[in-house]
Each structure stands twice: as structure tokens, then as C-alpha cells.
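Examining the three-dimensional arrangement
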Amino acid sequence: MDSVRELIQFMHPSQRLDLKAVALTHVLSLTGSAEGKDAILSLDDMLMAIFGLTLDANATIAKDAVLSLINLTAEEVGAIKVYELAKQVQPSFVIADVAAQKIIDDQAELADAWSMVLSNLTRVESLVHSILDTLEPRLSQLAKAFAQLDYNKKKSKLHYLAPIFCNLTQVQRGRELCCQPKYRLLEKLLPFASFDESVVRRGGTIGIIKNICFDAVYHDVILNDQDDILVAILQPLCGPEEFSDEDNEKLPIELQYLPESKTRETDPDLRKMLLECLLQLCATRRCREVLRAKGVYEILREYHKWEAKVGRDSDCVLACENVVDILIKKEEEIGLDNYKSVEVPDDQAEKFIQEDAAYVKSLLD
Amino acid sequence: MENLATKKNWTEEERLELAAQLDAELDSFIDSLEKKRYEEGWPEDRWQEEMDKHPFFMKRAPQPGDEVHPMFEGLQKLKYDPEENTLEELALNYKEDGNFYMKHKKFRMAIYSFTEGIKTKCENPDVISVLYNNRSAAHFFIKNYRSALSDAQRALFYKPVYTKARWRAAQCAHELDKFDVCSQLCEELLEVDIDHKEAKALLHKNKMKKLDTERNTRKEAADAKRRLTRFHKLRDAIEQRAIKFDDQPLNKRLNISEELLRPKFLPLEDFPVHLDEDGNTLVWPTAFSYPEFLLSDFQQQLPETTTMSDCLNTLFAEPLPCDRTLSYRPESVNVYYENRKVGCVHKVNLKHTLREILNEKGFFVSGGSLLFYVVPKESRVEQEFIHQQRRPLIYS
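Residues numbered from 1 in each chain as written. Chains lettered and ligands numbered in written order. Predicted model: local features only at pLDDT ≥ 70, side-chain atom pairs only at ≥ 80, totals over all residues. Heavy atoms only, no water.

Taking an unreviewed UniProt entry as the reference, chain B is identified by name as Cns1/TTC4 wheel domain-containing protein belonging to Drosophila rubida.

As recorded by an unreviewed UniProt entry, chain A carries the name Protein HGH1 homolog and is attributed to Drosophila rubida.

Spelled out as C-alpha cells, the structure:
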């Protein structure tokens, strides 16, 4: 522990370059292990030294400092500690603000690294409100940086903005901001649910959609005339199969007459999330009717065949069947307006879950 | 006379005398002047015309090709002479001209003026950007969207914050179906002013147009693919049955194309041979010719599973109008087809299906359709038909 403490003196910004570099390299490797992380997190002075070095003029020093922060914030405890300490430091080092600025700066070389730090921090639900205070004025700019693929001129891809937005939608306020029509944030984010080149972008965007779908308040927003969200959900589930002209005309425009080259989402976890979104949307009668009208059943019919033969993920097959079961039924049979108002007694719930597990096992031959 | 200048004392008489003398001299001088008319004024009968030409009184600007009043030319020189004006003043003069023409909807003249302004190459970017912006507007009104877009973009180059130019560029891009350029410009507009209503609306309209266009392209591709697949199946069915075409040399590989299968008979034009719904049966356009009457009947869609008997029953369900003697009944006629290669005719077995008939050695599809000849049994018409001179078609 003392040896670690000794490093602090070499990490002062005014120190010689080589001393700083060596000390920081050492610190960075410490953050790679659990004990090392704990040691560093217990030393406020060390953390403050790292904060200082993230803004060092030397590119390598700054980079190592930010990488250290990424490791330190990877878990909830570390994230909270780092965030709270940064707020107290003099002069102020509001870490979310620094990160946001670096991301928005199209010349910043460390934009990607900072985005990972911010992604770690926003994952902690208790910190989101405070971070939102800092980020709110910059949301439009962040969305712009995200949507414009060549935004950063120093090769940062900014893929981690997707998980950042996703984490922000964990809380109600984040969802509200994302869905606010004036800023059209969703419009810019949604197309990336099908972004082939980065699973991080896709995963983050689909996470955003999921958080919104799980909040019933937004179901009407989702299923209004603009099919943006619905298309974002369905597109990764659509394949190259041909539909008749009649069926095609039902679908949202982007999904009509898809070419032979169309492929489905390759990650089964993401497919499952999308199906869960659809399931959430089946909660109310009005929404079910909209889904049927837009040809969701036809899409899932083809998807089910594909998943059974090619995808072969049994959780996905079950998730798909859950949605299809509801969509096939006529409204008189369902008799309920809102599924969520049904109360399931605990022992019954237990039984259903076990039955499902057994069924899932039997699904794939 | 005494020297007038030195005379000191004038009597009243002498003064009066001098005055009268001077008067008389003046009169005679005037009288001696040549009598000339004043000709430099406007002729009375054409005074309105002249007035219209005078730069101070003209009501409309001179059009190219009009002869100009010399005073007008002088004013022009003042205005446009590079020696009389700095480049910037010159450019602004042209700008004013252009704006004047715009007000009067003379868009081509406006373009000309703005172009001259731009040609001055004056160094003030604000002036140049306005010239480009205004020229862009002129082009826009006469629907030269490409030029309008390029001018608007030039304006933005000289003045990046020029909102009006950016808005016009966005509209041009929309007209030209440059969807991505349009949406980029709209986003830029909204970044500066998030409440720019028109930009929001255009962004939406543009997106819808883009999605529609993309969908239509996909649909056409899907339709084309479907047609191609259907054609390939048809082609395979024809090859499988080893059907012969007389438009094609026998020994060469058969090249079945849409052209080959297009029916040459007008009534059959829209019914080329095709596979029916179940994908198994060929359906042929067929002509039945009556040598006796020099007429033909056309059956547009005959499945190959039909027998010739069935065909006859259909053809003669009602007697032919020209068949006075009722000789043309299903049981009283023979059906033949021509083998043009050899130059002879073959009789058809009425119990055979079309498919079987087409399979016969001498049967060739001609002009994308089937052709049969119907004559009364054991009649002179039949004999003449059979023995008619036919020259065989020779292929090299």
C-alpha cells in the first residue's frame, strides 16, 4: 500500500515527463487487478492525481490516465467513488462534463476512451440523475456526434455513445429527454439498431428501445403514425423472404420488398431483447391491433421458421412464440384490455416459469 | 461722325438719334441671318416615342437590342465603367440591377446581372455571397434547380452562416431528389435554430420521399426477379418438351427469348405462351385458319392438355357466319398443319392433345403461336389445300 502511495508524488502535473510516465504505467497495470483497483480507490490523493493527468499535454500520459479511469469505474463501487470524489475536488473536475466535452470535440484523440468512462459511470443508476444534470444541455450535440459517422477527425468511432444513451434511459427523466419531439434524438439514434459494423452501437440502441418499451407511458408514442421505433425493432428480425404484394403493403415502408441480401441480427441476446420489446407492446388492446395491422405477425412467422432452423436459440424461439400467441388470438378471446393488469398468484407464477423452462428445452431438436 | 467715345456732352436729341440708329442696325442684322427652323427638338407627331427613349422619362428599361439614347449610354458608362467605380461599387451596382429585374420577374436578365457582378471578382465575401444567393433565387424561380443548388452552395462557401442560402439549397436538393444532401442541410438549419418550422417539415417530407423511392426501387427489383424466374421456368418447360420453332435453325442450339415467343398475329399479341398457375401446363395462343373463307379464328389461351376435338367443339359451338352450307361441324372437318421446312401438310389426329401434336416430328411453332388449317372432309377445298404448291424453307 505504501509503495502505491509513494507513486503519487511522481504524478504531479509539474513533474518530469519520464517520471510521470513510468508512475502512470505502473498505476495502469495495477488497475488491471482487483487488489490493485481497491488499493487505488482507497487513496483519494492518487485518484486526484489521475484526474489531473487526464488533461496532461502529453498524449500518452493523458491516454494512460483515462484508461486507468476506465478500469477503475468498471464496477459500481469504483464508479461511485470516482464520481463523488471528482465532484469534491478543487479546482472542479466534473468528470461527466470533461468526458462530454471530449466527446463533442471532433479533434479529441481520446474521445473513445472518455466515452467508455462515461458509459461505465452512467451504468450506475444512482448516478444517472446527477450526470443528466451535466449532460442535458449537450444531448443534441452528443446525438449529432453519434449519428455522424465521420464526426471525430482523429479516428474515434464513438460507438460507446450508444450504451451511454441506453444507460440514461434507465430513469424516467432520461426517457423523457430521449423521446422529446423537439430535439428528435430518437430519430437520430434509432437507425443504429441495425448497424452492422458495431455490436456495441446495435446493443446500445436496442437497449434504449427496450427501456422505452418497458415504460407503458410511451406505447402510444411508439405506435403512432411514424413507424420509426417499430421499424427499428422489426428490421433486425426481418429476412430476405418474399411476401405477397398484399402482405408487403401492410408493412411499414422501410420493410417492404426487402432484397435477397437482407440478413437478420446475429446476436441472440439482441434478438431476444427485440422480441421482449414486442411482447411489452402487446400489453394493450389498441397496441395489439396496431401491431396486427402493420404485419408484425407475418414478419414473425418467417422469423420463427428461420430461428428454428438457422438461429437455433431456444430462448428466442420461446420469446417469438409468446408474441405470436397473443397476436394470433382474436380480441374477443383475449377479453382483456391490458395484460399488465392481470394478477398472477405466486405459486402459479412459479409453476408457469418451470413449465416454460421445460418447454424451452424441448423446442430444438 | 465724331468719335463717339470722346464725345463728352450729349444732347437729348443726339441720344435719341443714336438709339434709333442702333435699333435699326440690330433689325437689319437679324434680318440678315439665315432663316433656319429649329430642328433639334422632338417632332410633334412623335413626341411620345421620343419621350420613351429619353433616360429621364422612359417608363420601361431598354431591352437588349433596342437602340439606346446617347444620354442613356452616357449614364451607363458612368455606372458600369470600371474606371469610374471600385470593384465593390461595380458589383453592388450589378446587384441592384439584378434585384430590380427580380422584382419585375425578369429572371433571365437578373441572372445576367448577377453574373456580371460575380465576374467583377470583387474581394468582399459578403457581396459575392449575396450575388450568388440572389442568382440562386433567380435560377430557382425558373426551375433550374441544379444551377440554383450550385449557386446557393457557392454562397455558403463565402458566408457559411448564410441561412437564406442554406434554406434555398435544401429546397433545391429536395427537388433534385438528393435526399442525403437535403437532410444534411436541414439538420444544419435546425442546429442554428431549432424552431425553424419549414426545415423540420422539409426534413420529414424529404425522408418520406427517400423511403418511397427506395421502396419503389426494391419493388421493381423484386418484380423483375419474379418475371425472370417465371420466364426461366417457361423456357425450361419448352426445352423439356423439345418444341421446335421454325424461326430457328434446326441444328443450332435453341435460343428461347421473349422475342421468339411473341405472337405475331395481332389478336394474339397480348397472350404469349405461358405456364398456367400450377406451373405444369403450357398455355398456347392458337390460330385456326379457314382456307375456304380466307378467314381465321383465334383462341388466345389453349392449354396443351386440350384435344383437337375439344377445340373444334368450341370453335363450332355456334356455326360460322360464313358457313352457308353448314359444312363446318366438329365431325365433318379435317385439321391440318403446315410443315414449312419441308413444304408439306400433316393431318391432325383429332383425339390427340395439343401437347402430343406439338411433339410430332413435323410440327414447328411459327411466329410464337400455333397455326392450324380447317377444311371440310373430302371436299374440293381440302384437295386444293393439300396440293397447293409450297416451297420449302431452306436454311443455310
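Text resumes after the structure shown.
Structural notes on the interface of chain A and chain B
Applied cut-off: Two residues qualify as a contact provided that any one of their heavy atoms is within 4.5 Å of a heavy atom in the partner residue. Here the buried area means the combined drop in accessible surface, using a 1.4 Å probe, for two parts upon being joined, counting both sides. We count a salt bridge whenever a side-chain nitrogen from Lys or Arg sits within 4 Å of a carboxyl oxygen from Asp or Glu. Polar contacts here mean pairs of N or O atoms no more than 3.5 Å apart (in protein, one a potential hydrogen donor and the other a potential acceptor; neighbouring residues in sequence count only if both atoms are side-chain atoms).
Counting residues at the interface gives 19 residues for chain A, matched by 18 residues for chain B. In this assembly, chain A packs against chain B so that about 1700 Å² is buried in total across both faces, 47% of it on carbon and sulfur atoms. Among the residues of chain A in contact with chain B, A:Arg184, A:Ile253 and A:Tyr257 are the three that bury the most area, contributing 34% of the side total. In this structure, B:Lys225 and A:Glu260 form a salt bridge, with 2.8 Å as the shortest nitrogen-oxygen distance. Remark: the boundary between chain A and chain B carries ten residue pairs in polar contact (both at pLDDT 80 or more).

Observations regarding the pairing of strand S5 (residues 344–347) of chain B
Two faces belong to every sheet, and in a regular strand the side chains alternate between them. All names here are of chain B. Here is the rule we go by: Two strands pair under a simple rule: DSSP has to find at least two bridges between them. Labels follow the DSSP assignment, with helices taken as runs of H or I lasting at least four residues and strands as runs of E lasting at least two, numbered in each case from the N terminus.
As paired elements, strand S4 (residues 333–339) and S5 share four bridges and run antiparallel to each other. Residue pairing across strands places Asn-339 opposite Cys-344, the latter belonging to S5. Between S4 and S5, which follow one another and run antiparallel, lie four residues, and Gly-343 among them has a positive phi close to 90°.

Section: the UniProt feature "domain: Cns1/TTC4 wheel" (unreviewed entry) in chain B
Cut-off, in case you're wondering: UniProt positions are given in the numbering used here, feature names are shortened, and annotations may be inferred rather than shown by experiment.
The UniProt record annotates "domain: Cns1/TTC4 wheel" (unreviewed entry) at residues 279–387 of chain B. Counting secondary structure, residues 279–387 of chain B comes out at 20% helix and 33% strand; the distance between its end C-alpha atoms is 41 Å.

Some thoughts on the pattern of salt bridges
Defined as follows: Here the term buried applies to any residue with accessible area under 20% of the maximum for its type, exposed to any over 50%, and partly exposed to those in between, with areas from a 1.4 Å probe on protein chains only.
Applying the stated criterion across every chain yields a total of 40 salt bridges over all chains. Residue B:Asp177 pairs with B:Lys209 through a salt bridge whose shortest N-O separation is 2.5 Å. Here B:Asp177 is found in the loop between helix H8 (163–175) and helix H9 (179–192), whereas its partner B:Lys209 is found in helix H10 (residues 197–240), with 32 residues between them in sequence. Of the residues examined, B:Lys209 reaches a relative accessible area of 28% and is grouped as partly exposed. Residue B:Glu304 pairs with B:Arg355 through a salt bridge whose shortest N-O separation is 3.6 Å. Of this pair, B:Glu304 sits in the loop between strand S3 (295–303) and helix H11 (308–315) while B:Arg355 sits in helix H12 (residues 354–359); the two residues are 51 residues apart in sequence, bridging distant segments of the chain. Residue classification places B:Glu304 among the buried residues on the basis of a relative accessible area of 3%. Look at B:Arg355 and you get partly exposed, because its relative accessible area is 40%. Bridged by salt links that share partners, the residues A:Arg184, A:Glu187, A:Lys188 and B:Glu187 form one connected network.

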